[in-house]
Amino acid sequence: MNLDSANLQAVLSPAGPYAQSIAELSWVLFVGGTVIFLIVGVFLALASFGGPALRAHLGSRRFILAGGVAFPVVVLSALLVWTLGINRAVSLPLGLGSEPPLRIQMIGYQFWWEVRYPGTMPDGGVVTANEVRIPVGRDVVLEVTSADVIHSVWIPALNGKIDMIPGRWNTRPIRADRPGVLRGQCAEFCGAQHALMAFYVVAETPPAFEAWLNRQRLPAPPTADPVMAMGRAAFGAAGCGGCHKIRGTEWNGQIGPDLTHVGGRLSLAAGVLDNHRGTLAGWIAGAQDIKPGNRMPSFATALDGPELRAMAAWLESLK
Amino acid sequence: MSPQEDRHDPLSPSAPLPNPAPRPPGELEELERVWVRPKGWRMLSMVNNNWIGTIYIGMSLLIFVLAGSLALLMRAQLIVPNNDLIGYDLYNQLFTTHGTMMMFLFAVPVVEAFAVYLLPALLGARDLPFPRLGAFAFWAYAVGSLAFFSSIFFGIAPDGGWFIYPPLTSTRYSPGVNIDMWLLGIGFIEISAIAGAIEIIVGVFRTRAPGMTLARMPVLVWAFLVFAVMIVFAFPAVIWATILLELERAFDWPFYIVDRGGDPLLWQHLFWFFGHPEVYIIFLPAAGMVSMIIPTMVGKPLVGYGLVVVALVATGFLSFGLWVHHMYATGIPNLSLAFFSGASFAVSVPTGIQVFAWIATIATGKMRLEVPMLFILGFLFIFVLGGLTGVMVAIVPFDWQVHDTYFIVAHLHYVLIGGMVFPVFAGIYYWAPNASGKKMSHRLGCWAFWLLFIGINLTFFPMHISGLIGMPRRVYTYPEGMGLELWNLLSTIGAVVAAAGVAVVLFDLARNFRMGMSGGGNIWGAGTLEWLPQGNYAARSIPRIHSREPLWDDPDLADKVKEGRYFLPGSLTGRRETLVTSPTHAIPQFVAVIGSPGWAHLIAALGTAGFFLSLTFKLVWVAGAFGVVGFIAMLRWVWTGTDVGPLRPPADIGGGLRLPVYASGRDSLGWWAMLTLVLVDSAAFASLIFTHAFLWLVNGPAGWPPPGTSLPGLAWPLGAGLLVLAGAGLIWLSDRVLRQGRRRAMALLVLAALVVHLGGLVVDFGAIWAAGIRPTWHAFGASVFANLFWQGFHGAVLLIMAIYLAARSFAGRLDPVWRASFDNVRLFWSYCVVQALVGLALTHLFPRLAGGA
């Protein structure tokens, strides 16, 4: 996928208050670290080339105690107190405004992300994949776990990472201050395609987010168009429904991503491909070539060209 | 003490030299004959620490080059985004093998190798206390690590990252043999690391030159000691974690499987309880080398010796309280994180002390910019930078951002290469003349230094940036357009430059290093004993020590040592010997006969390696054959090579000191080794207890044992405990009858004790089995059976020991005086009794008191 911005996934380009605090902390650390590094270097130079009187001072136990004990104890104690406050601040929702934080559940799979919005529908919630939509200016609490091995959710522009561990639910608050697209990636090695396990975060204005959520609540519409119908039929015939669920159809697979609104997502295959008809067809035909070792088979031999194009067209229409 | 009395104490500086000159004819020839190194193909049977140590260093450098070449392949793949040079499968094996080899097969072994080479010379000993054990550890390592490396050619190298977190590494997600390669291949090499640690601990405490009190030991000896003690307490945790994972993979015992009460975090706690100390295990001896080289290069003693020693010991202690800082992102509560963050800060204080002590020492003298000193200056630059990023990643919120990114890759390479590789290269340039009698090339050394210094910084500094702009570690590819291209390109160029630096060092070694013990003398003008003239027997006579830099105090010391004027200038028994002194004040106690060249330890090493490697491939019968061969070789080695008994009456070693040539009980070297082994064992058992406690916490009291489990009635464990205690009583009794000289009665009592002890274990097993508890159903059952497995394993060891004792008593090799074997077994037996009783309480009482039973 071609990215046009270099700052989608950067620690020092924060897009929200949590990452902002950590970025500020980082700059303090970098500047402070550089200063200490230079001081040690200056001492070393003075010890090597300084005058005899100065070197007599440097060559004493007192100098060791001052530089090796007193200095670090003072600096590090202050740093500890200060950073524990930041630690607390970035691990709990800020609780600003009257709205309670929005809960979003993320579940890691080899090698993609399921994203749930609990309580947004009568029988549970909206379920999507590889894309987290959030409203700007509202606290969001990510509740994360894993369905197989350990993964780690990392959205550097919003907050630090949190591991997805089977059997445990971990939480991490995030908040975006302005609309935009950010990138996240799996940070804990999770197997063959760990490198190709990314996702996008789309921060939208609250009305746009509500509108998106409303669209997500709808099931897949019936189709009358013959090409679309052919694509739908091919989807069934190829057995795609065994793994994928599409609400509003007979297919209720639980192994792969929910495809009810797959056409509305920014990427395919967990941040690997742009999402349009061509890449959809390419992914279905050659999932094992694009992302070898993932659990989706390549359907190049099972489907002929027209079927493949029709299926891609139908899936693309599921916005 | 009056000067008059002082003169009569042979250890006093004012006393005359212990032995007169000239020495009797034939004494030196006899010493040379005893210590001669086997030639030709028989060289394989050699055990001399100077030769084994040198080859050991060479072997670990080979591993360094091999593991480094894997890194070059990775850098080649990452030179541009979306590169398809190397596939994901090979790439995942490359970084796992690179990390595993560098950490387990290079960093720890190279330090042990330096200890094998240097320690006896630093202490004024003739050799390590257990030369065959040292050679065994080397051979096991050499065969095992080469076999491990070759797995990459067959596509079966491990591929789960060097800390192989389950559940990714469970059978379900990694069904192949790759992970078993890690578990068994690395697991058994850890045993060789422990063997080395035991050797170092006993050597430091018992084989120092007379008068070398603890406070007069060179800093490097302190560093080796702390290193070895840390191995004793840290390695058992990873060995235990490895055993559990292999039990899970092979027999489906669910320690790490959530659905059946296990927890993958158990692995992370156990692994990092080892893994964090491991970092300091690697760093401290390197720091010790720096504390040796700087004083020599500036011609002044280390400033703040006491502070530096305290810093080494403090680092050792603190490093066991930091493991969670590798787990900040696992969802551990903030309060615990605060504790571990503070502890991680605290460990930078002792490191700061050492850095400032080195600067202070430089200030006191005039620095010579020889190649070793160049590497030390490079070390200070790189290590201080890595230490500062270390403080950064100790801060929880900052770590949440950079954890598992290239920033960490940068940090860990800065501290490991800066803190370990540069001092080791300094050490090679510094001590190579000690072994080869010839300096390495100054010109080539300078080239090597600058190539390495520039290459390492060019490789790893950009990684800080690629991490901060979003590059996770362990990715075989990265997308274009994220700004990662330039930084990765620089890293790859830097890796090539650094590789060129390593190549220059190897070229220099090939040209200028010739192993020959002629010795170039004290080439740098150092103050410590390793620069005495050395033969295969180390120093001709063993000097008495009155300060930390004996060679600086007495310019004639080397000559007088060489003339044989000091202690033990020859061989008393016609066999290899070393002088044993008391643990704190180094007062001579006895002369110990130590191992000479042989084949049994070599065959035992090959058998052990073959056993574990064939087990990896589930070749049970082949493994069995190797196991039998290795076992028989070990028995022969122990039977013929240890506890040789009092060969002669006490003899004079000089200065009127008459010392025995045999010791048993708490004085003997073997007893100290056994005591250290018991510490290793109890550290492993502590991990077993932790496993129970942690899984109890995870499952909650009501889930431990899980509902529907019924424990056997308390009468069963009570009976089992009484049987184990009865065994202990019989052992006590066997000691009484042995003192009376009733050898046959002693043997029968030991065998009876064995039957009773094993009976206790069988009763426990039977009761648990009859109660319907099975290892595969739930983590509770798995933990209970892990306990049974551990006790049973010790029972098997006791079985061998008891039969061995009986055989020795019937063979006339065990009597009221000649009884070191008996004393050692008794010590181990006592430990097993305690362990069995605690084990019973863990299975039967703990769930009743703290759980839902």
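Residues numbered from 1 in each chain as written. Chains lettered and ligands numbered in written order. Predicted model: local features only at pLDDT ≥ 70, side-chain atom pairs only at ≥ 80, totals over all residues.

Focus on the overall build of chain A
Line of reasoning, step 1. Scanning chain A from N- to C-terminus turns up 7 helices and 12 strands.
Line of reasoning, step 2. Computed over its C-alpha atoms, the radius of gyration of chain A comes to 26 Å, more than 25% above the 20 Å expected for a compact globule of 319 residues.
Line of reasoning, step 3. By residue count, 46% of the 319 residues in chain A fall in the buried class.
Line of reasoning, step 4. In chain A, once contacts between residues fewer than 6 apart in sequence are set aside, the share between residues at least 24 apart is 65%. (Helix = DSSP H or I, 4+ residues; strand = E, 2+ residues; numbered from the N terminus. Rg over C-alpha atoms; globule rule 2.2 N^0.38 Å. Buried ≥ 20, exposed ≤ 12 C-beta atoms within 10 Å, placed from the backbone. Contact = placed C-beta atoms within 7 Å.)

What about the overall build of chain B?
Line of reasoning, step 1. Along the backbone of chain B there are 25 helices and 4 strands.
Line of reasoning, step 2. Taken over C-alpha atoms, the radius of gyration comes to 28 Å for chain B, in line with the 29 Å a tight globule of 853 residues would show.
Line of reasoning, step 3. Once the C-alpha set of chain B is aligned to its principal axes, its extents read approximately 80 × 75 × 50 Å.
Line of reasoning, step 4. Considering only residue pairs separated by 6 or more positions, chain B has 81% of its internal contacts joining residues 24 or more positions apart.

What about the interface of chain A and chain B?
Line of reasoning, step 1. If you look at the interface, chain A gives 71 residues, while chain B gives 63 residues.
Line of reasoning, step 2. For the side of chain A that touches chain B, the elements supplying multiple residues, two or more each, are α1 (17-49), α2 (52-58), α3 (61-91), β6 (151-154), β7 (162-164) and β9 (180-186) of chain A.
Line of reasoning, step 3. Sorting elements by how many residues they give to the side of chain A that touches chain B places α3(A) first, with 17 residues.
Line of reasoning, step 4. Here the residues of the side of chain A that touches chain B are counted per class, giving 41 nonpolar, 21 polar and 9 charged. (Nonpolar A, V, L, I, M, F, W, Y, C, P; charged D, E, K, R; others polar.)

Some thoughts on the pairing of β6(A)
Residue and element names in this part refer to chain A.
Line of reasoning, step 1. Burial of the side chains of β6 extends over both faces: His151 and Val153 are buried on one face and Ser152 and Trp154 on the other.
Line of reasoning, step 2. Alignment of β6 against β7, held across 3 bridges, turns out to be antiparallel. Bridge assignment links histidine 151 to a residue of β7, and that residue is methionine 164.
Line of reasoning, step 3. The pairing of β6 with β9 spans 2 bridges and is classified as antiparallel. Each bridged residue has a counterpart across the sheet, and for valine 153 the counterpart in β9 is cysteine 186. (Pairing = 2+ DSSP bridges.)

Examining the packing of helix α7 (residues 219-251) of chain B against helix α9 (residues 305-318) of chain B
Residue and element names in this part refer to chain B.
Line of reasoning, step 1. Their axes nearest at 9 Å, the elements α7 and α9 cross at an angle of 10°. On the basis of their axis angle, the class for α7 and α9 is roughly parallel. In this structure, α7 uses Val219, Trp222, Ala223, Val226, Val229 and Met230 to contact α9, whose residues at the interface are Tyr305, Val308, Val309, Leu312, Val313 and Gly316.
Line of reasoning, step 2. Taken together, the residues of the contact of α7 with α9 break down into 11 nonpolar, 1 polar and no charged. (Axes fitted to C-alpha atoms, helices over the stretch in contact; angles between N-to-C directions. Parallel < 35°, antiparallel > 145°, perpendicular 65-115°, else oblique.)

Overview of the nonpolar core
In a soluble, globular protein the nonpolar side chains are often hidden away together inside.
Line of reasoning, step 1. Core analysis: the largest hydrophobic core is formed by 405 residues, its most contacted members being B:Phe224, B:Ile231 and B:Ile359.
Line of reasoning, step 2. Contacts of B:Ile231, omitting those with residues within four sequence positions, involve B:Ala193, B:Ile194, B:Ala197 and B:Ile281. (Core = buried A, V, L, I, M, F, W, Y, C linked by C-beta atoms within 7 Å.)

Re unusual backbone geometry
Line of reasoning, step 1. Cis geometry is adopted by the peptide bond preceding B:Pro167, which originates at B:Pro166 and carries an omega value of 5°.
Line of reasoning, step 2. You can see B:Pro167 is positioned in the loop between α5 (131-150) and α6 (178-206).
Line of reasoning, step 3. The backbone phi angle of A:Ala269 is positive, close to 60°, even though this residue is not glycine.
Line of reasoning, step 4. Notably, B:Lys618 is not glycine yet its phi reads approximately 55°, a positive angle.
Line of reasoning, step 5. On the secondary structure map, B:Lys618 appears in the loop between α19 (600-616) and α20 (620-641).

Details of the sheet that holds β7(A)
Residues and elements named next belong to chain A.
Line of reasoning, step 1. The 5 strands lie next to each other as β4-β10-β9-β6-β7, forming an open sheet whose pairing is mixed. A single partner strand is all that each edge strand has here, and the edge strands are β4 (131-135) and β7. When strand polarity is set aside, the average angle formed by the axes of neighbouring strands in this sheet is 25°.
Line of reasoning, step 2. Sheet topology note: the β9/strand β10 (residues 198-204) ladder contains 6 bridges and is antiparallel. The residue of β10 that forms the bridge with valine 181 is valine 202.
Line of reasoning, step 3. Seen against the sheet, helix α4 (residues 206-217) touches β4 and β10 and runs at an angle of roughly 135° to β4.

Notes on the sheet that holds strand β2 (residues 112-121) of chain A
Residues and elements named next belong to chain A.
Line of reasoning, step 1. Pairing is mixed in the open sheet, where 5 strands are placed in the order β3-β2-β1-β5-β8. A strand with exactly one partner marks an edge of an open sheet, and here the two such strands are β3 (124-129) and β8 (170-174). Between one strand and the next, the sheet's axes are offset by a mean angle of 25°, whatever the strand orientation.

Side note on the environment of B:Val737
Line of reasoning, step 1. Along the chain, B:Val737 turns up in helix α22 (residues 715-739).
Line of reasoning, step 2. Separated by 452 residues in the primary sequence, B:Val737 and B:Pro285 have C-alpha atoms spaced 46 Å apart.

Focus: α20(B)
Line of reasoning, step 1. Here α20(B) contains 22 residues, and its C-alpha end-to-end distance of 30 Å stays within 8% of the 32 Å for a straight helix at 1.5 Å per residue.
Line of reasoning, step 2. Looking one or two residues past α20(B), B:Asp643 carries a phi angle of roughly 45°, positive in sign. (Expected span 1.5 Å × (residues − 1).)

Overview of the environment of B:Ser541
All names here are of chain B.
Line of reasoning, step 1. You can see serine 541 is positioned in the loop between α16 (485-512) and α17 (550-553).
Line of reasoning, step 2. Its 26 C-beta neighbours within 10 Å are what place serine 541 among the buried residues.
Line of reasoning, step 3. With 24 residues separating them along the chain, serine 541 and arginine 565 place their C-alpha atoms 6.7 Å apart.
Line of reasoning, step 4. If we ignore the near neighbours within four places in the chain, the residues touching serine 541 are Asn19, Val561, Gly564, Arg565, Tyr566, Phe567, Leu568 and Pro569.

Describing the packing of helix α8 (residues 264-298) of chain B against helix α11 (residues 348-364) of chain B
Residue and element names in this part refer to chain B.
Line of reasoning, step 1. Orientation of α8 relative to α11, taken along the N-to-C sense of each, is 10°, at an axis distance of 9 Å. Considered as vectors, α8 and α11 are oriented roughly parallel to each other. Counting all contacts with α8, which are made through Ala287, Val290, Ile294, Pro295 and Val298, the residues of α11 involved are Gln354, Trp358, Thr361, Ile362 and Thr364.
Line of reasoning, step 2. Of the residues belonging to the contact of α8 with α11, the class tally is 7 nonpolar, 3 polar and no charged.

As for helix α4 (residues 88-123) of chain B
Residues and elements named next belong to chain B.
Line of reasoning, step 1. Between its terminal C-alpha atoms α4 stretches 50 Å, which fits the 52 Å expected from 36 residues at 1.5 Å a residue.
Line of reasoning, step 2. The sharpest bend along α4 reaches about 35° and sits at tyrosine 117, with the proline proline 120 one to four residues further on.
Line of reasoning, step 3. Within α4, 33 of the 36 residues are buried, which leaves it mostly tucked inside the rest of the structure.
Line of reasoning, step 4. Glycine 124 sits one or two positions beyond α4 and adopts a positive phi of about 75°. (Bend = angle between axes of the 7 residues up to and from the residue.)

Quick look at the confidence of the model for chain B
Line of reasoning, step 1. Per-residue confidence for chain B averages 95 on the pLDDT scale, and 99% of its residues sit at or above 70.
Line of reasoning, step 2. What the predictor reports for the complex is a pTM of 0.96 with an ipTM of 0.97. (pLDDT = per-residue confidence, 0-100.)

Observations regarding the pairing of strand β1 (residues 577-581) of chain B
All names here are of chain B.
Line of reasoning, step 1. Along β1, 5 of the 5 residues are buried, which leaves the element largely enclosed by surrounding structure.
Line of reasoning, step 2. Side chains Glu577, Leu579 and Thr581 project from β1 onto one buried face, and the interleaved Thr578 and Val580 project onto a second face that is buried too.
Line of reasoning, step 3. The loop that links β1 with its antiparallel partner strand β2 (residues 588-593) comprises 6 residues; one of these, alanine 586, has a positive phi angle of about 55°.

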